[in-house]
Structure formats: C-alpha cells, structure tokens
Amino acid sequence: MAGAEVLALIGRTLAEAGAVLGAGARPVALVTAEAKAGEPGLVTAAARLGLPLRAYGAGALAGVAVPDPSAVVLAAVGVPGVAEAAALLAAGRAGAGGGEAEVGGGDVRGGAGAGA
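Rules of the game
- Residues numbered from 1 in each chain as written.
- Predicted model: local features only at pLDDT ≥ 70, side-chain atom pairs only at ≥ 80, totals over all residues.
- Heavy atoms only, no water.
- Helix = DSSP H or I, 4+ residues; strand = E, 2+ residues; numbered from the N terminus.
- Buried < 20%, exposed > 50% of the residue type's maximum accessible area, 1.4 Å probe, protein only.
- Areas by Shrake-Rupley, 256 points an atom, 1.4 Å probe, with all protein chains shown as cover.
- Core = buried A, V, L, I, M, F, W, Y, C linked by side-chain atoms within 4.5 Å.
- Contact = heavy atoms within 4.5 Å.
- Salt bridge = Lys/Arg side-chain N within 4 Å of Asp/Glu carboxyl O.
- pLDDT = per-residue confidence, 0-100.

Comments concerning the overall build of the protein
When its secondary structure is counted, the protein shows five helices and two strands. Shown N-terminal to C-terminal, the secondary structure of the protein runs as helices and strands in the order α-β-α-β-α-α-α. Relative to its full complement of 116 residues, the protein shows a buried share of 34%. Taken as a whole, the protein presents about 6100 Å² of accessible surface, with 57% of it coming from carbon and sulfur.

Listed below in structure tokens is the structure:
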C-alpha cells in the first residue's frame, strides 16, 4: 500500500472517529508488526505525519488478548490480531483489561491500518 493510500485511510478513519474522540483527536504514533515495519507506505505515512512508527514482535503481539481475533491475520502474520494488539501495547494497556486504544485497524490489505 502506497503512502498516499495509508494517509487517506488514516484521514478517513479519524474523520469517522471524530464524533467519538473529539475534533482535536490526533494519532501519537503508527503501530504495526515488526514484519510490516519496513513497508514503504507505513514509513512514508509516519514521516509525513511526523509520527514515530512503532513495531512489535510476534511474541509481544501474541501475548495481548484481542477482542476480535482473526483467522486471516493469524494465518498471515502468526498472531490473532495486529492492529488491536499493537495499539494496546503502544498505549501501555496490554493486559490491563480495558480502555480503548485503537481507532481503525481491521482487515486492511497490505497490512497498513490506522492502528496497523
């Protein structure tokens, strides 16, 4: 997925979430699995937004209980969820049993998500 596509996805996701998060809501980082961290679209999007790109290994991601595990993600990456688990890890809420940390994510072809 190209940087422009990732940026457009992030923009749409934030626009949709604006009513819930408030108009001033802004991401503080892009997060993903280590296997996806070098993808040009993610690197470009993080740079253009001035955000850090944080990547987590499969072991760390697998250790986070996700509310919506995916068989597709499990087959592709080896863990039941990347976007939710990475967002929870980045927010320091992995294993804390609550709170919302992710906006977007889900099944995004190419591995990039707003919570990617």
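Overview of the nonpolar core
Ala-29, Val-31, Ala-33, Tyr-56, Leu-61, Val-64, Val-66, Val-79, Val-82, Ala-85, Ala-86 and Leu-88 together form the largest nonpolar core, which totals twelve residues. When residues of this core are traced back to their parent elements, those giving at least two are strand S1 (30–33) and helix H5 (83–90). Sort the elements by how many residues they give to this core and H5 lands first, with three residues. Residues Ile-10, Leu-30, Ala-45 and Leu-51 belong to the second largest nonpolar core, which totals seven residues.

Points about H5
Because each turn of an α-helix spans 3.6 residues, side chains separated by three or four positions in sequence point in the same direction. Counting buried residues in H5 gives six out of eight residues, a clear majority hidden from the surface. When we look at burial in H5, the residues that qualify are Ala-83, Glu-84, Ala-85, Ala-86, Ala-87 and Leu-88. Residues of H5 that are buried sit in contact with S1, strand S2 (53–56) and helix H3 (58–62). Gly-92 occupies a position one or two residues after H5 and carries a positive phi of about 75°.

A closer look at the pattern of salt bridges
In total, this model carries one salt bridge according to the counting rule given. A salt bridge links Lys-36 to Glu-39; its shortest N-O distance comes to 3.4 Å. Exposure remark for Lys-36: the relative accessible area of 24% places this residue in the partly exposed category.

With respect to the environment of Ala-71
Looking at where Ala-71 falls in the secondary structure, it is placed in helix H4 (residues 71–77). For the pair Ala-71 and Gly-81, spaced ten residues apart in the sequence, the C-alpha separation amounts to 8.8 Å.

As for the confidence of the model for the protein
Looking at the protein, pLDDT values average 77 and 72% of them are 70 or higher. Low confidence marks residues 96–104, where pLDDT is under 50. Its contacts with residues over four positions away, or in another chain, come to 18 contacts. Long-range and interchain partners of residues 106–114, a stretch whose pLDDT sits below 50, account for 21 contacts in this model, where long-range means more than four residues apart.

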